[in-house]
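Report on the structure
The primary structure of each chain is shown beneath.
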Amino acid sequence: MAGLLPSDALFLGFDSSTQSLKATVLDGNLIIIHSESVHFDTELPHYRTKDGVYRDPSGNGRIVSPTLMWVEALDVLLEKLKSKVDYGKVVAISGSGQQHGSVYWNKRGKAILTSLDPKKPLRSQLEDAFSVRDSPIWMDSSTTSQCRELEKAVGGALELSKLTGSRAYERYTGPQIRKIYQTQPDVYNDTERISLVSSFVASILIGNYASIDETDGAGMNLMDIKQRVWSKTILEATAPGLEEKLGHLAPAHAVAGLISSYFVERFHFQKSCIVIQWSGDNPNSLAGLTLNTPGDLAISLGTSDTVFGITSEPQPSLEGHVFPNPVDPNCYMVMLVYKNGSLTREDVRNRCAESSWDTFNKYLERTPSLNGGKLGFYYKEHEILPPLPVGFHRYVLENVDSLNETKVLEVQEFDPPSEVRAIIEGQFLSMRGHAERFGMPTPPNRIIATGGASKNESILKSIASIFGCPVYTVQRPDSASLGAALRAAHGWLCNKEGRFVPISCLYGDKLDKTSMSAKLAFPAGDADLLSKYTVLVNKRMQIEKNLVEKLGRS
Ligand code: ADP
Ligand code: XUL
C-alpha cells in the first residue's frame, strides 16, 4: 500500500484462541487472500476438550487447556495452509493468543526448542518440554486468595490497578503463577521460562524463548504500566526468582526473531522471514479493526465478550483493564471483559431455541424491545464482570414502558422466546452500564462488532438499539488473526525503516480499499427506545449491585 509494502509479499497472522487456532494471510495491498482454522474439539478430538478447555469437575473454578493441543494445532494448520499459500513469499508473521493463559517450560525447554528436527512434527518433539502439562487459561477463577495477597502487597486493589492497569483478577497470570509456586513448589522450581500463550507460539516459530510483549504483559498484574517494566515489588510478592523466568519485555511492533530453520526446511519459508512479537487477542482485534478514534468502541463476541476502545489518558480503576495500545506506543487500550459470552448464548440457544441460531434469531425478532420488563442475569461460568458465581437470576419489572417507579419481581423462568431476548438484552445492557461507569464514550460515535457471534444480524440490531449508535462490521469476524497479519506488516515496516512508523502509513487514505474497511451493519436505533433502555440500564445496574452485595466474590 502506498508503495511501502512489496506488492508480491505476504503477511501471515495467527490467532491461538480458546476454541480454535485461526490464520489470516494478507497480501501487499492488505487484502485477505486466505483464512484457515483448526477447531480443537472437532479436529483434535483425542484431547477430549469441551470448548477447547478442561473444567475441573469439583467446581473449584480451575479451567485449563492441554498445552500440546495448541502445538498440534499449529502442525495441522500449517499442513492445511501449505497447498494454498506460497510460504516462500511470507516476509513477516505475527500472532494473537488468548490473553492471560500461561505456559511453563521446564529446564529442557530451550534445548528442545533450539534443536527441532524438520523431519518430524512439532507435537512429538515438544512433549517433554513443559513442567506443567495443562495451561491455566483466562476462564480460570481459582486464584481469589492469591489475588488478595498481591493487592495487599502494594497497598490495595486500587493501588495495584494504578500500577499495573488492573486490580488483581483470578485469570491474570501473576496470581496464576503464585498459585503454582504455593501449591507445586517443585514444579515452579523446575520451570525455566514462563510464556503467555502469545509468546509461547512465537517461541516455537523462532526456535527460542520469545519475549512477552508489553501489551499482553499488562494482562499479568506484574508489569508497571507506565514504565513498561516488571514491577520488582509485585514480582517479589508473587514468587521468588520470577524475573529470570519471565525474561525481557518488548514492544508489540518489535521483531521477536527470524523464523527458525525448522520452518524453513519443513515448510519452505524464506530464511529472512521475520516473526513480529505476538500479543493478546483483544489487542490484535483492536489493530485489525483499525480502532484509532477515541469515540469508537469495539465489541468482540467470541468465547468471551469484550468491549474496548482507546484513550491517551487512562484512569485505571477497580473495574476494567488498561493495556498499552499494541500499534501506538503513545496510547492505551481500555477494556471490559465478560466470561459468559458465546458459550452462555449457546446454552440458551440449546435449551430454548432447538439448538438453532435461526430459531434463536426468530425468537429475538418476535419479542418486543424491553422484553415486557423481563430481565435476566445468566452466569453459566463464574463471571468476571460483575464478580458473581454460577447462577441464573430472572426478574420482571412492572411498568417498564412508562418510566415510572417500577416494581421488581423475581421469577424462576421465562418462556423460551423471552429467555432468548433476556440474555441478549441483558448482556448489552450490562456492557452499556459498565462502559459508562468506566468512562468509555456513551453513546459511542459507532461500534465495530467482531468475533464469532458478530455474524448474527439480529444480535447486531440489538446492539444498535441499546447503545443508540450505528454498528459496523469488518469483512471477516476473526479480527484477531487479521490484526495479527496487519501487525506483521506493521512490524516489518518498522523494522525496515529502523524506527517506529505509525500503522496508518500502511494504508494512508485508502483504508476502504483494504480488507480492514468497516461496513455499516445497522444504523443507530430509535431515540425514544434508547431513552427507555437508558432507564433499564440503571435499573439493571441497581439489581446487579444487590446481587453482588449478596453473592459476590470478595
Ligand atoms: P474464540 O476466538 O474465542 O475461540 P470465536 O470468535 O471464534 O471464539 O467465536 C466462536 C463463537 O461464535 C461460538 O462459540 C459460537 O457460539 C459463536 N457463533 C458462531 N456463529 C454464530 C451465530 N450465527 N450467532 C451467534 N453466535 C455465533
Ligand atoms: C481478556 C480475556 C479474554 C481472553 C479470550 O482479558 O480474558 O477476552 O483474551 O481469549
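Scroll up to find the structure this text is about.
Summarised in this report is the structure supplied together with it. (Residues numbered from 1 in each chain as written. Chains lettered and ligands numbered in written order. Predicted model: local features only at pLDDT ≥ 70, side-chain atom pairs only at ≥ 80, totals over all residues. Heavy atoms only, no water.)

1. As for the overall build of the chain
Stated formally: Only DSSP runs of H or I with at least four residues qualify as helices, and only runs of E with at least two residues qualify as strands; both kinds are numbered from the N terminus onward. Contact between two residues is taken to exist if any of their heavy atoms lie within 4.5 Å; hydrogens are not considered. Using a 1.4 Å probe, the Shrake-Rupley method yields the accessible areas, and only the shown protein chains count as cover for residues. We count Lys and Arg on the positive side and Asp and Glu on the negative side, and we leave His and both chain ends out. Where a charge sits is defined by one atom per residue type, namely NZ (Lys), CZ (Arg), CG (Asp) or CD (Glu).
Counting secondary structure elements, the chain contains 20 helices and 26 strands. The principal-axis extents of the C-alpha atoms in the chain amount to approximately 70 × 55 × 45 Å. Taking contacts inside the chain between residues at least 6 apart in sequence as the whole, the part at least 24 apart equals 73%. Accessible area for the chain stands at about 20300 Å²; split by element, carbon and sulfur atoms hold 49% of it. Each charge class in the chain can be summarised by its mean position, and for the 59 positive and 63 negative side chains these summaries are 1 Å apart.

2. Some details on the site of ligand 2
To be explicit about the condition: For this description, a residue counts as near a given molecule or strand if any of its non-hydrogen atoms is within 4 Å of it. In protein, a polar contact requires one atom able to donate a hydrogen and another able to accept it; more generally it is a pair of N or O atoms within 3.5 Å, and residues adjacent in sequence count only if both atoms are side-chain atoms. Ten residue types, Ala, Val, Leu, Ile, Met, Phe, Trp, Tyr, Cys and Pro, are classed as nonpolar, four, Asp, Glu, Lys and Arg, as charged, and the remainder, Gly among them, as polar.
Near ligand 2 you find Thr-18, Gln-98, Gln-99, His-100, Trp-138, Arg-171, Asp-281, Asn-282, Ser-304, Thr-306, Met-335 and Val-337, and these make up its full shell. Separating an oxygen atom of ligand 2 from a side-chain N or O atom of Asp-281 is a distance of 2.4 Å. Contact with the protein chains covers 98% of the free accessible surface of ligand 2, which is 290 Å². When contributions to the shell around ligand 2 are tallied by element, the ones reaching two or more residues are helix H14 (281–288) and strand E20 (332–338). For the shell around ligand 2, the residue count by class is three nonpolar, seven polar and two charged.

3. Points about the sheet that holds strand E21 (residues 374–379)
The condition that has to hold: Strand pairing is assigned whenever DSSP detects at least two bridges linking the two strands. Think of each axis as a best-fit line through the C-alpha atoms, taken over the contacting stretch in the case of a helix, with angles from 0 to 180 degrees between the N-to-C directions.
Ordered by their spatial adjacency, three strands build an open sheet running E21-E22-E23, and the pairing between neighbours is antiparallel. Looking at which strands have only one partner, the edges of the open sheet turn out to be E21 and strand E23 (408–411). In this sheet, adjacent strand axes meet at a mean angle of 25 degrees when their direction is disregarded. The pairing of E21 with strand E22 (residues 391–397) spans six bridges and is antiparallel. From the neighbouring strand, Lys-374 faces E22, where its bridge partner is Val-396. Across the sheet, helix H17 (residues 416–437) touches E21 and E22, and the angle it forms with E21 is around 75 degrees.

4. Structural notes on the site of ligand 1
In the vicinity of ligand 1 lie 14 residues, with Ser-17, Lys-22, Thr-303, Glu-346 and Gly-452 positioned nearest. A distance of 2.6 Å separates an oxygen atom of ligand 1 from a polar atom in the side chain of Thr-303. Here a nitrogen atom of ligand 1 sits 3.1 Å away from a polar atom, N or O, in the side chain of Asn-456.

5. Notes on the packing of helix H16 (residues 357–366) against H17
For clarity, the cut-off: Roughly parallel refers to an angle under 35 degrees, roughly antiparallel to one over 145, roughly perpendicular to one between 65 and 115, and oblique to any angle outside these ranges.
It is the contact of H16 with H17, at a shortest axis distance of 8 Å, that shows an interaxial angle of 85 degrees. Accordingly, the angle class assigned to the pair H16 and H17 is roughly perpendicular. Packed against H16, whose contacting residues are Phe-360, Tyr-363, Leu-364 and Arg-366, the element H17 presents Pro-416, Pro-417, Val-420, Arg-421, Ile-423 and Ile-424 at the interface. When its residues are assigned to classes, the contact of H16 with H17 shows eight nonpolar, no polar and two charged.

6. As for the pairing of E22
Going by this rule: With a 1.4 Å probe rolled over the protein chains alone, any residue whose accessible area is under 20% of its type maximum counts as buried; one over 50% counts as exposed, and the rest are partly exposed.
Among the seven residues that make up E22, five are buried, leaving the element largely enclosed by the rest of the structure. Judged from the four bridges that link them, E22 and E23 form a sheet pairing that is antiparallel. Following the sheet pairing, Tyr-395 is matched in E23 by Glu-410.

7. Comments concerning the pairing of strand E7 (residues 102–106)
Within a regular strand, the side chains alternate between the two sheet faces. Counted residue by residue, E7 has five buried out of five residues, so it is predominantly covered. Residues Ser-102, Tyr-104 and Asn-106 point to one face of E7 and Val-103 and Trp-105 to the other, with burial holding for every one of them. Bridge count between E7 and strand E9 (residues 191–196): five bridges; the pairing is antiparallel. Bridging from a neighbouring strand, Val-103 pairs with Ser-195 of E9.

8. Considering the sheet that holds strand E18 (residues 305–311)
Read from one edge of the open sheet, seven strands run E19-E20-E18-E17-E24-E25-E26, paired in mixed fashion. The sheet is open, and its two borders are formed by strand E19 (321–324) and strand E26 (519–522), each paired with just one other strand. Between one strand axis and the next, the sheet turns by 30 degrees as a mean value, whatever way the strands run. Of the strand pairs in this sheet, strand E24 (residues 446–450) and strand E25 (residues 471–473) are connected by three bridges, and their pairing is parallel. Counted as the bridge partner of Ile-447 is Val-471 from E25.

9. Let's talk about the environment of Trp-230
Along the chain, the position of Trp-230 falls in strand E12 (residues 229–230). In the structure, Trp-230 is positioned 16 residues away from Glu-214 in sequence and 9.7 Å away in space, judged by C-alpha atoms. Polar contacts involving the side chain of Trp-230 include one to the main-chain carbonyl oxygen of Gly-247, which spans 2.9 Å.

10. Digging into helix H18 (residues 457–467)
Extensive coverage of H18 is indicated by the burial of nine of its eleven residues. What H18 keeps buried is the set Ser-458, Ile-459, Leu-460, Ser-462, Ile-463, Ala-464, Ser-465, Ile-466 and Phe-467. Backbone geometry just after H18 places Gly-468 at a positive phi near 65 degrees.

11. Observations regarding the packing of helix H15 (residues 342–352) against H17
H17 packs onto H15 with a crossing angle of 170 degrees between their chain directions and a minimal axis gap of 9 Å. Looking at the two axes, H15 sits roughly antiparallel to H17. Contact residues: H15 offers Thr-344, Arg-345, Val-348, Arg-351 and Cys-352, while H17 offers Pro-416, Glu-419, Val-420, Ile-423, Ile-424 and Gln-427. Classifying every residue of the contact of H15 with H17 by side-chain character gives six nonpolar, two polar and three charged.

12. Some thoughts on the environment of Leu-44
On the secondary structure map, Leu-44 appears in the loop between helix H1 (40–43) and strand E4 (54–55). Overall, Leu-44 belongs to the buried group, its relative accessible area being 2%. Once you skip the residues sitting within four places of it in the chain, Leu-44 turns out to touch Val-38, His-39, Met-69, Glu-72, Ala-73 and Val-76.

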